[in-house]
Amino acid sequence: MVLENFVAFEGIDGAGTTTQIDLLKARPDAGRFFLTAEPTDGPTGRFLRAMLGGDLTLDPRTAAYLFAADRAEHLWGADGIAARCARGNIAVSDRYLFSSLAYQSVTCGDELPRALNAPFPLPELLFFFAIDPRTALERVHGRGKTELYETLDFQTATAARYERVIAEYEGTAQGEGMKVVRIDAAQSKEHVAKIISRELANLPILKT
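Just so it is clear, the structure is predicted and the values come from calculations on it, not from any experiment. (Residues numbered from 1 in each chain as written. Predicted model: local features only at pLDDT ≥ 70, side-chain atom pairs only at ≥ 80, totals over all residues. Heavy atoms only, no water.)

1. Focus: the nonpolar core
No. 1: In terms of nonpolar packing, the biggest core is built from 60 residues, with Val7, Phe9, Phe98, Phe127, Phe129 and Leu200 touching the most fellow members.
No. 2: Not counting chain neighbours up to four residues away, the residues in contact with Phe9 comprise Thr17, Gln20, Ile21, Leu24, Val92, Ser93, Asp94, Arg95, Phe127, Phe129 and Ile196. (Core = buried A, V, L, I, M, F, W, Y, C linked by side-chain atoms within 4.5 Å. Buried < 20%, exposed > 50% of the residue type's maximum accessible area, 1.4 Å probe, protein only. Contact = heavy atoms within 4.5 Å.)

2. Some remarks on the sheet that holds strand 3 (residues 90-94)
No. 1: Across the sheet, 5 strands lie side by side as 2-3-1-4-5; this open sheet has parallel pairing. At either end of the open sheet lies a strand with only one pairing partner, and these are strand 2 (33-37) and strand 5 (179-184). This sheet shows a mean twist of 20 degrees between the axes of neighbouring strands, independent of strand direction.
No. 2: Taken strand by strand, helix 8 (residues 152-169) contacts strand 1 (2-10), strand 4 (122-130) and strand 5, and its axis lies near 145 degrees from that of strand 4. (Pairing = 2+ DSSP bridges. Helix = DSSP H or I, 4+ residues; strand = E, 2+ residues; numbered from the N terminus. Axes fitted to C-alpha atoms, helices over the stretch in contact; angles between N-to-C directions.)

3. Structural notes on the packing of helix 3 (residues 60-76) against helix 5 (residues 97-108)
No. 1: Between helix 3 and helix 5, the least distance of the axes is 9 Å, while the angle of their chain directions is 170 degrees. One element, helix 3, and the other, helix 5, form an angle in the roughly antiparallel class. Mapping the contact onto sequence places Pro60, Arg61, Ala64, Phe67 and Arg71 in helix 3 and Leu97, Ser100, Gln104, Thr107 and Cys108 in helix 5.
No. 2: When its residues are assigned to classes, the contact of helix 3 with helix 5 shows 5 nonpolar, 3 polar and 2 charged. (Parallel < 35°, antiparallel > 145°, perpendicular 65-115°, else oblique. Nonpolar A, V, L, I, M, F, W, Y, C, P; charged D, E, K, R; others polar.)

What follows is the structure in structure tokens.
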């Protein structure tokens, strides 16, 4: 199932997804968008951010359950993604279920993340930011602070899993109704923003 008016940005750390969310905030029509991210700013999301920052340690399976719980509230909460889309906003999330299928599969295998994320709808439009892990980590290190998963070995493994996951949805029955746009995220942020703007302009809601 696809959730109309929902857009997701996906890619490894340093791919530039958050930068593009920030650029959307500066658009003249920014009021039409619900710009958000996972983990969220809610209680579960804050707990997960503490884990990512190294402030606490969780079993990988526990983390997988918590990411799914945070996503469920993000999607179906009173002022969440589904409610915003129904009101005519374009919801754009920096990360969604594909992140769990890539990241959590590195630490606890494929089966649990797939089961936990099976109930969630697909976005109408998915931007996959593809980038070499070394280039991405150079960007990460440039901001002066790294998180739990931000090592070359982990990001290389995650990048490979992302490619596999995206391929499973791209042009297949599993991803029916969802458009996948692959982006060379090593390009300038301005060039990437133009690609995103062009694709967003094709959403039916922006044509009305």
